[in-house]
Amino acid sequence: MWEHAGLLRTGAGLAEAARVLDGWAAAETAKAAKVAAPAPGDGQAREDANLLRLARATVAAARARTGSLGAHHRLDDGAEALRPAPEPIGAR
């Protein structure tokens, strides 16, 4: 997730993240079809499923927003490239 959907993103990177996450979701669906639902006390399985849902929703939202917003910067949005912050006054 950090590599493709972190603070610096591209459409291609987000597409790759979606592809990987979709593959994991398909594998989980196939696995669930063979196995009964997780036991009520199996918190780790529920947490993993929820994290996968969250990751897929995050990537879908990032793909829908093609511009930069807040700390999340699209490197392929055509806007001015990131520049380092100016040096604070009196820093020398």
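Calculation rules
Residues numbered from 1 in each chain as written. Predicted model: local features only at pLDDT ≥ 70, side-chain atom pairs only at ≥ 80, totals over all residues. Heavy atoms only, no water. Helix = DSSP H or I, 4+ residues; strand = E, 2+ residues; numbered from the N terminus. Contact = heavy atoms within 4.5 Å. Patch = residues over 30% accessible without salt bridge, like charges linked within 9 Å, V, L, I, M, F, W, Y side chains within 5 Å. Areas by Shrake-Rupley, 256 points an atom, 1.4 Å probe, with all protein chains shown as cover. Salt bridge = Lys/Arg side-chain N within 4 Å of Asp/Glu carboxyl O. Buried < 20%, exposed > 50% of the residue type's maximum accessible area, 1.4 Å probe, protein only. Axes fitted to C-alpha atoms, helices over the stretch in contact; angles between N-to-C directions. Parallel < 35°, antiparallel > 145°, perpendicular 65-115°, else oblique. Left-handed = near helix turned anticlockwise from the far one by under 90°. Nonpolar A, V, L, I, M, F, W, Y, C, P; charged D, E, K, R; others polar. Core = buried A, V, L, I, M, F, W, Y, C linked by side-chain atoms within 4.5 Å. Polar contact = N/O pair within 3.5 Å; in protein donor to acceptor, adjacent residues only side chain to side chain. Expected span 1.5 Å × (residues − 1). Arc of directions from axis to C-beta.

Draft legend 1. Structural context of the overall build of the protein. Assigned secondary structure in the protein consists of three helices and two strands. If you take every contact in the protein between residues at least 6 apart in sequence, the share linking residues at least 24 apart comes to 66%.

Draft legend 2. Broad picture of a nonpolar patch on the surface. On the surface, a cluster of nonpolar side chains totalling about 450 Å² of accessible area is made up of Trp2, Leu7, Leu8 and Leu75. Judged by its relative accessible area of 37%, Leu7 falls in the partly exposed class.

Draft legend 3. Spatial organisation of the packing of helix 2 (residues 11-34) against helix 3 (residues 43-64). Running from amino to carboxyl end, helix 2 crosses helix 3 at an angle of 150 degrees, the nearest separation of the two axes being 10 Å. By the criterion of interaxial angle, the relationship of helix 2 to helix 3 is roughly antiparallel. For the element pair helix 2 and helix 3, the recorded crossing hand is left-handed. On the side of helix 2, the interface is formed by Leu14, Ala15, Ala17, Ala18, Leu21, Asp22, Trp24, Ala25 and Glu28, while helix 3 contributes Leu52, Ala55, Arg56, Val59, Ala62 and Arg63. By residue class, the composition of the contact of helix 2 with helix 3 is eleven nonpolar, no polar and four charged.

Draft legend 4. Fine view of the nonpolar core. By size, the foremost hydrophobic cluster in this structure holds ten residues: Ala5, Leu14, Ala17, Ala18, Leu21, Ala25, Leu52, Ala55, Val59 and Ala62. Secondary structure elements with two or more residues in this core: helix 2 and helix 3. Among the elements that take part in this core, helix 2 stands out by supplying five residues, more than any other. Not counting chain neighbours up to four residues away, the residues in contact with Ala18 comprise Val59 and Arg63.

Draft legend 5. Focus on the side chain of Arg74. Take Arg74: it is sitting in strand 2 (residues 73-74). Taking relative accessible area as the criterion, Arg74 reaches 7% and is therefore assigned buried. In this structure the side chain of Arg74 is engaged in a polar contact, spanning 3.3 Å, whose partner is the backbone oxygen of Ala62. Beyond its immediate sequence surroundings of up to four residues, Arg74 is in contact with Arg9, Thr10, Gly11, Leu14, Ala62, Arg63, Arg65, Thr66, Gly67 and Ser68.

Draft legend 6. A look at the environment of Ala15. Within the secondary structure, Ala15 sits in helix 2. You can call Ala15 partly exposed: its relative accessible area is 30%. Sequence-wise, Ala15 and Ala60 are 45 residues apart; in three dimensions their C-alpha atoms are separated by 9.1 Å.

Draft legend 7. Helix 3, seen in detail. Between its first and last C-alpha, helix 3 extends 32 Å over 22 residues, near the 32 Å set by a 1.5 Å rise per residue. All of the buried residues along helix 3 are Leu52, Ala55, Val59 and Ala62. One side of helix 3 carries all its buried residues, which in axial view fall inside an arc of 100 degrees. In helix 3, the exposed positions that point more than 90 degrees away from the buried face belong to Arg53, Leu54 and Ala64. Looking at the buried positions of helix 3, the neighbouring elements they touch are helix 1 (2-5), strand 1 (8-9), helix 2 and strand 2.

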